Amino acid sequence: MASAEPIYRVQDLVRVFSHGPQPVIAVDHVSFEIPAGQRLGIVGESGSGKSTLIRMMAGLRRPSSGDIVFAGQSIVGRRESELSWLRRGVQLVFQDPRSSLDPRMKVADIIAEPLRSRIWQGTKRPDPFSRVNELMAQVGLDPGDRNRYPHQFSGGQRQRIAIARALAPNPRVLIADEAVSALDVSVRAQVLNLFADLVADHGLTLVFVSHDLSVVRHVCDAVLVMQAGHIVEAGPVDQVYSDPREPYTRQLLASVPRLRRD
Ligand SMILES: Nc1ncnc2c1ncn2[C@@H]1O[C@H](COP(=O)(O)OP(=O)(O)OP(=O)(O)O)[C@@H](O)[C@H]1O
Ligand SMILES: [Mg+2]
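Everything numeric here is computed off the predicted structure, so don't read it as measured data.

About the cut-offs
- Residues numbered from 1 in each chain as written.
- Chains lettered and ligands numbered in written order.
- Predicted model: local features only at pLDDT ≥ 70, side-chain atom pairs only at ≥ 80, totals over all residues.
- Heavy atoms only, no water.
- Pairing = 2+ DSSP bridges.
- Helix = DSSP H or I, 4+ residues; strand = E, 2+ residues; numbered from the N terminus.
- Axes fitted to C-alpha atoms, helices over the stretch in contact; angles between N-to-C directions.
- Near = heavy atom within 4 Å.
- Polar contact = N/O pair within 3.5 Å; in protein donor to acceptor, adjacent residues only side chain to side chain.
- Areas by Shrake-Rupley, 256 points an atom, 1.4 Å probe, with all protein chains shown as cover.
- Nonpolar A, V, L, I, M, F, W, Y, C, P; charged D, E, K, R; others polar.
- Expected span 1.5 Å × (residues − 1).
- Buried < 20%, exposed > 50% of the residue type's maximum accessible area, 1.4 Å probe, protein only.
- Contact = heavy atoms within 4.5 Å.

### Things to note about the sheet that holds strand β7 (residues 173-177)
Next, step 1: A sheet is described by the order of its strands in space; here six strands give the open sequence β6-β7-β8-β3-β9-β10, paired in mixed fashion. The open sheet has two edge strands, β6 (90-93) and β10 (230-236), and neither has a second partner. Pairs of neighbouring strands in the sheet enclose a mean axial angle of 15°, with direction left out of account.
Next, step 2: With four bridges connecting them, β6 and β7 associate as parallel partners. Residue pairing in the sheet places Q91 in a bridge with L174 of β7.

In structure tokens:
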């Protein structure tokens, strides 16, 4: 039986930052595949290359070498005007909604932003007004608040706005970079459950970057462990968490207090 084409294929990917005193190899010959519908966690200590990796996957940073294939086509070396299928298909949610939401824009305009851009040329674009109402309801916000501004919402609500914006173009992949790390513990659980529900309801592929291993265990079914730009361990969450092969993974797991008694 032929296996389905993975939604992402990352091959021998390298990113070097060479403008500092010493070149930094942020991502160092990384290869992996993501089957469509997988919920993949990426963990590793600060500076291990997680954000650099996912920014390249989202077409926000150019690789130094290697290839990234999204939905069957390479994204590397293309002009912005040639990336519409990536821009519609992959959306990001970042850590701090305060800096990722423009304070001067109404929530309805923020959420509809991905629907207004040029990526819709030649394709059917959802109607922004009704789509915003639908999205606000989906993420647990009151569509009646669509004309308010970000500062009129709580931290958890602001992250819900960012999630609604990410869902607006009906993406196939949601990439979250420490998306719940800045939230209070109680709110964190709610937003995490929202992620899990939305991913299941829409059949999304999820790439979930976090230094919090307990959070990854909660929402992911597979995990990549990064150290100094390398993937040092990869596998199903259950296996990696219960029987880690690498000392580095064991060390990461040991530093999560809630997992110590497992
Ligand atoms: N724009 C940049 N210019 C120079 N060096 C960079 C840049 N972005 C990242 N780096 C370096 O690349 C390495 C990987 O950084 P990256 O932000 O990808 O790590 P991370 O795993 O996301 O860390 P964190 O958990 O702190 O978010 C680090 O050494 C970092 O200093
Ligand atoms: Mg990061």
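### A few points about the site of ligand 1
Next, step 1: Neighbouring ligand 1 are 13 residues; S46, G47, K50, S51 and T52 lie closest to it.
Next, step 2: A distance of 2.7 Å is found between an oxygen atom of ligand 1 and a side-chain nitrogen or oxygen belonging to K50.
Next, step 3: A distance of 2.5 Å is found between an oxygen atom of ligand 1 and a side-chain nitrogen or oxygen belonging to T52.
Next, step 4: In the complex, 64% of the free accessible area of ligand 1, which totals 640 Å², lies under the protein chains.
Next, step 5: For the shell around ligand 1, the elements supplying multiple residues, two or more each, are β2 (24-34) and α1 (50-57).
Next, step 6: Examining the composition of the shell around ligand 1, we find that three residues originate from one element, α1, more than from any other.
Next, step 7: By residue class, the composition of the shell around ligand 1 is three nonpolar, seven polar and three charged.

### A word on helix α6 (residues 155-167)
Next, step 1: The terminal C-alpha atoms of α6 lie 19 Å apart, and with 13 residues this matches the ideal 18 Å at 1.5 Å per residue to within 8%.
Next, step 2: Counting buried residues along α6, 11 of its 13 residues qualify, which places the element largely inside the surrounding structure.
Next, step 3: Of all the residues in α6, the buried ones are G156, R158, Q159, R160, I161, A162, I163, A164, R165, A166 and L167.
Next, step 4: Buried residues along α6 sit against β6, α3 (97-100), α4 (107-116), α5 (128-138), β7 and α7 (185-202).

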